[in-house]
Amino acid sequence: PPRGICKSRLRLHPDESNGPQRQSPLNQDFRILPLHFLAEGARDQAAGLYWQAFEGKLGRLLGPSPRALPVIRAALDPHHALAAVTAAGEVVGVAGFRSHGGSFVSLTPGLLRRFYGPAGSLWRIGAMRLLGVDTDNERFPIDGIRVAPARRSQGIGPALLEELATRAGRGT
């Protein structure tokens, strides 16, 4: 991992059914897991956290929360995200990444047409092209990170970043 990320702060807990999991000794009530290991409800929570992080950037494009959240949920690829999950199953943090295989949230032209129709999607597709970023296959770009406001300063953000750095080092 990059310098400045302290591996000793986290303990690795292998679990054959879910792959590697991480817990923070600062607050042991969360684990870092790939989002695709979690139930559909967790994905809805992750979509909500993503929207909280990007509503300022995407709000005019996607509309108010009741309209935008189903779009985000449909665009979400759980294979490109990690989640901080409490023992009760609540998603309290999420970190997405991009790779040659996709990204955490892909607002494709087809998806925009499905939700906004031909006319409503036309200008949104143009705006998305202006916001779009090519995938950098030489690096491991982060595609958004968010920790629930009530759970900040509990080591969740650094734990998500450390797991992203670990995955980047493995090339996954």
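All values reported here derive from a predicted model rather than from experimental measurement.

1. Points about the pairing of strand β4 (residues 81-86)
And step 1. In terms of residue burial, β4 counts as a mostly covered element, since six of its six residues are buried.
And step 2. Of the two faces of β4, the one holding Ala 81, Ala 83 and Val 85 and the one holding Leu 82, Ala 84 and Thr 86 are both buried throughout.
And step 3. Judged from the five bridges that link them, β4 and strand β5 (residues 91-97) form a sheet pairing that is antiparallel. Residue pairing for β5: Ala 84 is matched across the bridge by Gly 93.

2. Side note on the pairing of β5
And step 1. In terms of burial, β5 is largely enclosed, as seven of its seven residues are buried.
And step 2. Direction of pairing for β5 relative to strand β6 (residues 142-147): antiparallel, over a ladder of four bridges. Directly across from Gly 93, in β6, lies its bridge partner Val 147.

3. A look at the environment of Ala 74
And step 1. Counting through the fold element by element, Ala 74 comes out in helix α2 (residues 65-75).
And step 2. Taking the C-alpha atoms as reference points, Ala 74 and Ser 106, separated by 32 residues in sequence, lie 9.0 Å from one another.
And step 3. In contact with Ala 74, not counting residues within four places along its chain, are Leu 111, Arg 114 and Phe 115.

Each value, and the rule that gives it
Throughout this document, residue positions are counted from 1 along each chain, in the order its sequence is written. Where totals are concerned, whole chains, interfaces and linings use all residues; where local detail is concerned, this predicted model gives features only for residues with pLDDT of at least 70, and gives and counts side-chain atom pairs only at 80 or more. Side-chain calculation: all heavy atoms of the structure are included, whereas hydrogens and water are not. Accessibility here uses a 1.4 Å probe with only protein chains present; expressed as a share of the type maximum, an area under 20% marks a residue as buried, one over 50% as exposed, and anything in between as partly exposed. Under the DSSP-based scheme used, a helix requires at least four consecutive residues in state H or I and a strand at least two consecutive residues in state E, with every element numbered from the N terminus. At least two DSSP bridges between two strands are needed for those strands to be called paired. For this analysis, residues touch if any pair of their heavy atoms sits within 4.5 Å.

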